[in-house]
Amino acid sequence: MNSSSFSLLFAAFLLATLAVKLWLASRHVRHVALHRDAVPAQFAHKIPLAAHQKAADYTIAKTRLKIVMLTLNAVVVLGFTLLGGLQWLSEQLVSLLDSSMTYQLALVAAVTVISGVIDLPIDYYKQFRLEEKFGFNKMTPSLFFTDLVKHSLVGAAIGLPLLWVTLALMEQAGSLWWLYAWLIWCGFQLFMLGFYQNLIAPLFNKFTPLEDDLLRARIEGLMQRVGFASKGLFVMDGSRRSAHGNAYFSGFGAAKRIVFFDTLLSRLQPNEIEAVLAHELGHFKLNHVIKRIALMFVMSLAFLALLGWLKNQIWFYQGLGVMPLMNGANDAMALILFMFALPVFTFLFSPLLSIMSRSNEFEADAFAAKHSNSQDLISALVKLCEHNASTLTPDPLHSAFYDSHPPASVRVQKLLAA
Ligand SMILES: [Zn+2]
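Residues numbered from 1 in each chain as written. Predicted model: local features only at pLDDT ≥ 70, side-chain atom pairs only at ≥ 80, totals over all residues. Heavy atoms only, no water.

### Observations regarding the packing of aromatic side chains
Rules: Ring geometry is summarised as follows: Phe, Tyr and Trp rings, the Trp one being its six-membered ring, pair when their centres sit within 6.5 Å, and such pairs are stacked at plane angles under 30 degrees, edge-to-face over 60 and tilted between the two. Accessible area is worked out with a 1.4 Å probe on protein chains only. A residue is then buried under 20% of its type maximum, exposed over 50%, and partly exposed in between. For a lysine, the NZ atom is tested; for an arginine, the CZ atom; a charge sits over a ring if that atom is within 6 Å of the ring centre and within 35 degrees of the ring normal.
In total, this model carries 21 aromatic pairs according to the counting rule given. When the ring of Trp309 is compared with that of Trp315, the centres are 5.8 Å apart and the planes differ by 65 degrees; the resulting orientation is edge-to-face. Trp309 gets classed as partly exposed once you look at its relative accessible area, which sits at 46%. When its relative accessible area of 13% is taken as the criterion, Trp315 is described as buried. Connected via pairs of aromatic rings, a cluster forms that spans Phe6, Phe10, Phe13, Trp309, Trp315, Phe316, Tyr317 and Phe345. When the ring centre of Phe347 is taken as origin, the NZ or CZ atom of Lys21, which lies over that ring, is 4.6 Å away. For Lys150, the ring lying beneath its charged end belongs to Phe204, and the centroid distance is 5.3 Å.

Set out below in structure tokens:
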């Protein structure tokens, strides 16, 4: 491969990916707008027209903002790579720090900070205009900025040492560095899966044990029926930031905790909460969680091996607008280029992951219907759809491409048919 053909290939994929994304988004907007004036027949008696229209307006507003973000992102990637942004940044940092390890850490940090600053106005707009307009924002600007500072500090405290280890391996561990880096990365992921809930989540939210005795008894009954051990049931103050509701698990083995957003508990009846939890337990019992982690590990091994090869190819740097340094110290640049280039070349495969994820959702729904009650799950799905203003009428192709969950209308149909 020579560097100018790689430049052309990269530009072509970047444009094609952007074109497909914009096409999907505009289809989605049109499809939702077209179905705005009638609630789908099977939900006609369950969801009022006003709620259906709110969901349509919210979906359209979010998708339009996404169109802006996608375009901006493509411009940023192009600016960093082919238009010479990274080359310029690297020259400035080399003149300050020579081609040292500090230079490499600073380069990654600078790219991360610049990307974050570019995204900031849109994040702010999304929270305080868009979410606010539809009644979902519960944040104050001061909480928004406190979160930003905390996220950046936590990100730096975790990210910089991990980056340093990776760069040290790339430089000193020989041609199999990517294998060692992979082992460390997997160990780190498992550590975070085990300890995120104790170490990091409390920096952002309060967790209190679930106190509702009736609900507790119900949930414990369900856990016993399906044979699930848990270290505790917790309620998280999700309402500090958003009116959207959710439930999740954290931890491993017998140390698993179940966390409910307070916004979920306040909206659903105990029988509906049980059905939602039965769905989540289904993901564990059917080994979806383990399979997802295993798949993530296999994919990251393949990508690291690919990076191991690419980092020694001059056309990889030059093709993306960067002159490699003569005296080495190009590893951080290789990492950054890889992070920019990978999504450009893999996006068109993303429906494969969505297909897998959606089939898992149907299996978890079937599990919930078997161990809890399908009518309860249906009424919970309908309520969550209404409260979260999720559209019942997404564009089918947009949904097939992106959605990790099938549309509620399809899930309800399957539950009714079973
Ligand atoms: Zn699920």
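Structure's up, so let's keep going.
### What about the coordination of the zinc ion?
Rule in force here: For Na, K and Ca the donor cut-off is 3.2 Å; for every other metal, N, O and S atoms count as donors within 2.8 Å. Water does not enter the count, which can leave sites looking incomplete. Only runs of H or I of at least four residues qualify as helices and only runs of E of at least two qualify as strands under DSSP, and these elements are numbered from the N terminus.
For the zinc ion, the full set of protein donor atoms is His279 (NE2), His283 (NE2) and Glu361 (OE), at a range of 2.0 to 2.1 Å. In the primary structure, the donors to the zinc ion are separated according to the pattern H-x3-H-x77-E. You can see His283 sitting in helix H10 (residues 270-285) and its partner Glu361 sitting in helix H14 (residues 350-371), a full 78 residues away along the chain. Judged by relative accessible area, His283 falls into the buried class, the value being 7%. According to the relative accessible area criterion, Glu361 is buried, its value standing at 3%.

### Concerning the side chain of Asp147
The test is simple: Residues count as neighbours in contact if any of their non-hydrogen atoms are within 4.5 Å of one another.
Positionally, Asp147 belongs in helix H5 (residues 141-172). The contacts of Asp147, once residues within four sequence positions are left out, are Met139, Phe204 and Arg241.

### So, the packing of H10 against H14
Applied cut-off: Axis definition: a line fitted to C-alpha atoms, limited for helices to the stretch in contact. Angles are taken between N-to-C directions and run from 0 to 180 degrees. Relative orientations are named as follows: roughly parallel for angles under 35 degrees, roughly antiparallel for angles over 145 degrees, roughly perpendicular for angles from 65 to 115 degrees, and oblique for any other angle. The crossing is said to be left-handed when, going from far helix to near helix, the turn is anticlockwise and less than a right angle, and right-handed when the turn is clockwise.
Where H10 contacts H14, the two axes come as close as 7 Å, and the packing angle between them is 120 degrees. Considering their axes alone, H10 and H14 lie oblique with respect to each other. The element H10 and its partner H14 pack so that their crossing is right-handed. Where H10 approaches H14, its residues Ala275, Ala278, His279, Leu281, Gly282, His283 and Lys285 are matched on the opposing element by Asn360, Glu361, Ala364, Asp365, Phe367 and Ala368.

### Describing the pairing of strand E4 (residues 257-261)
Under the convention used in this document: Two strands form a pair only when DSSP identifies at least two bridges running between them.
Most of E4 is tucked away, with four of its five residues classed as buried. Relative to E4, strand E2 (residues 232-236) runs parallel, the two being bridged by five bridges. Bridging across to E4, Gly232 finds its partner in Arg257.

### Quick notes on the nonpolar core
Inclusion rule: Working definition of a nonpolar core: buried Ala, Val, Leu, Ile, Met, Phe, Trp, Tyr and Cys residues. They are joined through side-chain atoms within 4.5 Å.
Counting 45 residues, the largest nonpolar core has Leu86, Trp177, Phe316 and Leu337 as its most contacted members. A per-element tally of this core places helix H13 (residues 331-346) first, with 11 residues. Setting aside its immediate chain neighbours within four residues, Phe316 contacts Phe6, Leu310, Ala334, Leu337 and Phe338. Grouped together as the second largest cluster of nonpolar side chains are 44 residues, Phe207, Phe228, Phe234 and Ala380 included.

### Considerations on the environment of Asp119
Tracing the backbone shows Asp119 in helix H4 (residues 101-133). The spatial distance from the C-alpha of Asp119 to the C-alpha of Ala334 is 23 Å, given a sequence separation of 215 residues.

### A word on the pairing of E2
Across the five residues of E2, five count as buried, placing the element largely inside the fold. Note that strand E1 (residues 207-209) and E2 share three bridges and pair antiparallel. Looking at the pairing, Thr208 lines up with Val235 of E2.

### Things to note about helix H3 (residues 85-97)
This is how the line gets drawn: A helix's residues, less one, multiplied by 1.5 Å, set its expected span.
The terminal C-alpha atoms of H3 lie 18 Å apart, and with 13 residues this matches the ideal 18 Å at 1.5 Å per residue to within 8%. Considering only its buried residues, H3 is in contact with helix H2 (49-80), H4 and H13. Residue Asp98 follows H3 closely and has a positive phi angle near 55 degrees.

These results come straight from atomic positions and should not be treated as a statement about function.
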